[in-house]
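# Structure at a glance
Residue-level listing of the chains:
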Amino acid sequence: MKKRNALKVFACALVLLFIGISTAFAASYTGTVNEDSVFFRTRPQASGGFHGRFDKGDKVTVTGTSGDFYKVEANGKNGYVMKKFVTLSSSAQKALNGSSTGSTANKNYSNRAGMEGIKDMDDIKVPATSKKGDKGPDVKALQQALTLKGYYNTTIDSDFGYNTEKAVKAFQKDEGLTQDGIAGAGTIKALFGKNPASSSSAKATATPKVTVKATATPKPVSKRAGMEGIDSISDIPVPGTSRPGDRGQNVKALQQALTLKGFYNTTIDGDYGNNTKNAVLAFQKSKGLSRDGIAGAGTIKALFGKNPSSVTTAKPTATPKPTATPKPAVKKGMEGITKISDIAVPATSKKGDKGADVKALQQALTLKGYYNSTIDSSYGDQTVKAVKAFQKAKGLSQDGVAGAGTIHALFGKNPKATATPKPEEKKYKTERLDWFNGGANKIPRGATFQIKDVATGKVFTVRRWAGANHIDAEPKTAADTATMKSIYGGSWSWSRRAILVKYNGHVYAASMNGMPHGTTTISNNNFNGHFCIHFYKSRTHETNRVDPDHQNAVARAMNATW
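These notes cover the structure that comes with them. (Residues numbered from 1 in each chain as written. Predicted model: local features only at pLDDT ≥ 70, side-chain atom pairs only at ≥ 80, totals over all residues. Heavy atoms only, no water.)

## Some thoughts on the overall build of the protein
Just so we agree on the cut-off: Strands here are runs of E lasting at least two residues and helices are runs of H or I lasting at least four, both read from the DSSP assignment and numbered beginning at the N terminus. Classification of residues uses two cut-offs on accessible area relative to the type maximum, computed with a 1.4 Å probe and protein chains only: under 20% is buried, over 50% is exposed, and between them is partly exposed. Throughout, a residue-residue contact means that at least one pair of heavy atoms, one from each residue, lies within 4.5 Å. The Shrake-Rupley method, run with a 1.4 Å probe sphere, supplies the accessible areas, and residue values consider only the shown protein chains as cover.
When you go through the protein residue by residue, the secondary structure sums to 14 helices and 14 strands. Looking at the protein as a whole, 42% of its 562 residues are labelled buried. Within the protein, contacts between residues at least 6 apart in sequence are counted, and of these 56% link residues at least 24 apart. Accessible area of the protein: about 29700 Å², with a carbon and sulfur share of 51%.

Structure, rendered in structure tokens:
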């Protein structure tokens, strides 16, 4: 009898053990890594710490989801891998999406008070910036996003208090941002992948629609002086670019468009004064543009939905046809010049140069409204200042040098060939950028810059994505990717190469590897991931140590010039 009872107990134990085992494995699915050098992250975030890397074909055990990441077990560790890098069967994907054992970020958080219906970042409206002491919907959206990312575990109360500040600082630390606890523009961009909303979240009052534009009558604008017959942007001819001090039809069209958009409420007089500048600044702020008060190409495109016309904003006289006595006081050096085609395309030039090429440059900049000094054929400070202003308006590197790109943007043609093919090479001094001694701030996130491979001399353009111990960058276009790949002989490699980095008028000695890995932010450049750029005393992200191979390459680059 005792033996029979013992057998029953043993049989029950086996059943329970089998049930436990089958239950334990019911929520696990085998996935296959579909790319090389994929990060095995410690958190469901696109930056920060990681256990190691997977290569294409590696098998991983998927136990849940968290936003854009799968929760993964591998090599005795728990972590996260981006979903796009893991191939799962459709049945496994369905089971994970509907599983009660799936991601706590997707499932459990959605059951919390204040997280109803929120499963990923797309379910949250991008908020404005906020700080400690603020209250309202912007703070609520911030708390929801931090909850989804695993940083905020307290009540979602729309009140930016100590716990919210603490969560923001933790997120900023992982993203390599300044840990000030303020949800500023950089923090919001890193958290949501988008710029913050333009409306302020601070101390929202009960009068949400006190905007200057909103009036009870829909058509007072079209009855204002200078706005007759204008009901929409399409009623206004797209103007050329203009700036403070300009006058004429381009400025009038700009004022009409800003009036229609609700940013300009003063007289439409065709005069680019302080009121016009302030309206442009307000519009640029609302669109997340660089706030310079200049109606450059980007501002015109955002305002009209089209590129600016090629018409220059000169200072026209009241008489459209000059009389026989040309008293519009033709500037000395501008005789007979009324359009760019009247000027012979010059060669490139720089500060200190003199001669006909500099004179042609000054004439063109005068015609465009950037140069107001004497046309003396001497490349001095005023010419440098005018070139920089033109480069800024066209989105070019503001180095004050009339190089090939600047000449082409100014004249619409390539510069004239000169006997000395590379007059710019000696103007740059190669600098050593000490990464942890102020160097990390020299090239900000989102900056576009050029790389020159020391060995081959090939040049391509990249954009900084992220990076705290060094720069994480991506080739800007598919053509840049092709140039970079040719530098590595047609196949990607982790090998270090000595390079020069040119940004904002400076050239720095650096080193790069040539292996796409990790996160991609540019979708159409044929580069699946990013690559690393190291400078003097910078460190790897994985080991937090100085890499001797990178440093040797930086030392070689110090002996090279652009």
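## Quick notes on helix H4 (residues 137–149)
Stated precisely, the cut-off is as follows: Helix span, expected: 1.5 Å multiplied by one less than the number of residues in the helix.
Its 13 residues give H4 an end-to-end C-alpha distance of 18 Å, which sits within 8% of 18 Å, the value for a rise of 1.5 Å per residue. What H4 keeps buried is the set Asp138, Val139, Ala141, Leu142, Gln143, Gln144, Ala145, Leu146, Thr147 and Leu148.

## Comments concerning the packing of aromatic side chains
Between two aromatic rings, the relevant description is the distance of the centres plus the angle of the planes. Cut-off, in case you're wondering: Centres within 6.5 Å are what make two rings of Phe, Tyr or Trp a pair, Trp counting through its six-membered ring; a difference in plane orientation under 30 degrees is then read as stacked, over 60 as edge-to-face, and the rest as tilted. For a ring to carry a charge above it, either NZ of a lysine or CZ of an arginine must fall within 6 Å of the ring centroid while also lying within 35 degrees of the normal to the ring plane.
Scanning all chains against the criterion turns up seven aromatic pairs. On the basis of an interplanar angle of 90 degrees and a centroid distance of 5.5 Å, the ring pair of Tyr151 and Phe171 is categorised as edge-to-face. Of this pair, Tyr151 sits in the loop between H4 and helix H5 (162–175) while Phe171 sits in helix H5, placing them 20 residues apart in sequence. Taking the relative accessible area as the measure of exposure, Tyr151 reaches 10% and is therefore buried. What makes Phe171 buried here is its relative accessible area of 1%. For the ring pair Phe263 and Phe283, a centre distance of 5.5 Å and an interplane angle of 85 degrees mean the geometry is edge-to-face. One end of the pair, Phe263, is in the loop between helix H7 (249–261) and helix H8 (274–286); the other, Phe283, is in helix H8, and 20 residues separate them in sequence. Through successive ring pairs, a cluster of aromatic residues spans Trp492, Phe527 and Phe531. The ring centre of Tyr536 lies 3.9 Å from the NZ or CZ of Arg432, which sits over that ring. Taking NZ or CZ as reference, Arg497 lies 5.6 Å from the ring centre of Tyr488, over its face.

## Here's the deal with the pattern of salt bridges
To be explicit about the condition: Every case where a carboxyl oxygen of Asp or Glu lies within 4 Å of a side-chain nitrogen of Lys or Arg is listed as a salt bridge.
Counted according to the given criterion, the structure contains ten salt bridges. With a shortest N-O distance of 3.0 Å, Arg53 and Glu542 are connected by a salt bridge. Highlighted residues: Arg53 in strand E3 (residues 50–54) and Glu542 in the loop between strand E14 (531–534) and helix H14 (548–557), separated in sequence by 489 residues. For Asp547, the salt bridge goes to Arg496, with nearest N and O atoms at 3.1 Å. With a gap of 51 residues between them, Asp547 in the loop between E14 and H14 and Arg496 in strand E12 (residues 493–503) connect regions that are remote in the sequence. We classify Asp547 as buried; its relative accessible area is 13%.

## Topic: the nonpolar core
The criterion, for reference: To define a nonpolar core, start from buried Ala, Val, Leu, Ile, Met, Phe, Trp, Tyr and Cys residues and group those joined through side-chain atoms within 4.5 Å.
Leu361, Leu365, Tyr379, Leu410 and Phe411 are the most contacted members of the largest nonpolar core, which has 23 residues in total. With sequence-adjacent residues up to four places away left out, Leu410 is seen in contact with Ile340, Leu361, Ala364, Leu365, Lys368 and Phe390.

## Notes on empty space enclosed by the protein
The line we're drawing: The definitions used throughout rest on a 1 Å grid laid over the protein atoms alone, on which a cavity is an enclosed set of points accommodating a 1.4 Å probe that cannot get out and a pocket is an open set flanked by protein within 12 Å on both sides along at least five of seven lines; lining residues are those having an atom within 4 Å of a point. Grid points are joined across faces, edges and corners, and a volume is the space filled by probe spheres set on the points.
Tallied over the full model, the rule gives one cavity of 30 Å³ or more. A volume near 70 Å³ is recorded for the largest cavity. If you go around the largest cavity, you meet eleven residues; those closest to its centre are Phe39, Arg41, Phe69, Met82 and Phe85. Those elements that place two or more of their residues in the lining of the largest cavity are strand E2 (38–41) and strand E6 (77–82).

## Looking at the packing of helix H11 (residues 381–393) against helix H12 (residues 404–411)
Stated precisely, the cut-off is as follows: To define axes, lines are fitted to C-alpha atoms, for helices over the stretch in contact only, and angles between the resulting N-to-C directions are given on a 0 to 180 degree scale. Here the word oblique covers every angle except those under 35 degrees (roughly parallel), over 145 (roughly antiparallel) and from 65 to 115 (roughly perpendicular). Polarity classes work like this: nonpolar for Ala, Val, Leu, Ile, Met, Phe, Trp, Tyr, Cys and Pro, charged for Asp, Glu, Lys and Arg, and polar for all others, with Gly in that last group.
For the pair H11 and H12, interaxial distance at closest approach is 11 Å and the crossing angle is 75 degrees. Considering the angle they form, H11 stands roughly perpendicular to H12. Judged by residue contacts, Val387, Phe390 and Gln391 of H11 engage Thr406, Ala409 and Leu410 from H12. Tallied by class, the residues present in the contact of H11 with H12 amount to four nonpolar, two polar and no charged.

## Regarding the side chain of Gln143
In this structure, Gln143 sits in helix H4. Contact partners of Gln143, with chain neighbours within four places excluded, come to Tyr152, Thr155, Ile156, Asp157, Ser158, Asp159 and Thr164.

## Digging into the pairing of E14
Operational definition: In this description, strands pair whenever DSSP reports at least two bridges between them.
Residues Phe531 and Ile533 of E14 are buried on one face, and the alternating residues Cys532 and His534, pointing to the opposite face, are buried as well. Bridge count for strand E11 (residues 471–475) against E14 is three bridges, and the pairing is antiparallel. In the strand pairing of E14, Ile471 is matched with Ile533. Bridge count for strand E13 (residues 506–514) against E14 is two bridges, and the pairing is antiparallel. Within the sheet, the bridge partner assigned to Ser511 lies in E14 and is His534.

## Some details on a negative patch on the surface
To keep things clear, this is the line we draw: Only residues above 30% relative accessible area that lack a salt bridge enter a patch, with like-charged residues linked at up to 9 Å and the nonpolar side chains Val, Leu, Ile, Met, Phe, Trp and Tyr linked at up to 5 Å. Positive charges come from Lys and Arg, negative ones from Asp and Glu, while His and the chain ends are left out of the count. All charge positions are set by atom: Lys at NZ, Arg at CZ, Asp at CG, Glu at CD.
The grouping of Asp68, Asp120, Asp122 and Asp123 at the surface amounts to a negative patch. Along the chain, Asp68 falls in the loop between strand E4 (59–66) and strand E5 (69–74).

## Observations regarding the side chain of His534
Selection criterion: Here a polar contact is taken to be a pair of N or O atoms separated by no more than 3.5 Å, where protein atoms must pair a possible hydrogen donor with a possible acceptor and residues adjacent in sequence count only if both atoms sit in side chains.
Structurally, His534 is set in strand E14. A polar atom in the side chain of His534 sits 3.3 Å from the side chain of His470. A distance of 3.1 Å separates polar atoms of two side chains, one belonging to His534 and the other to Ser538. Apart from residues lying up to four places away in sequence, His534 is in contact with His470, Ala510, Ser511, Arg539, Thr540, His550 and Val554.

## With respect to the environment of Phe40
Within the fold, Phe40 resides in strand E2. Along the primary structure Phe40 and Met82 are separated by 42 residues, whereas in three dimensions their C-alpha atoms are 8.6 Å apart. Non-local contacts of Phe40, meaning those with residues more than four positions away in its chain, are made with Phe50, His51, Gly52, Arg53, Phe54, Val72, Ala74, Lys77, Asn78, Gly79, Tyr80 and Val81.

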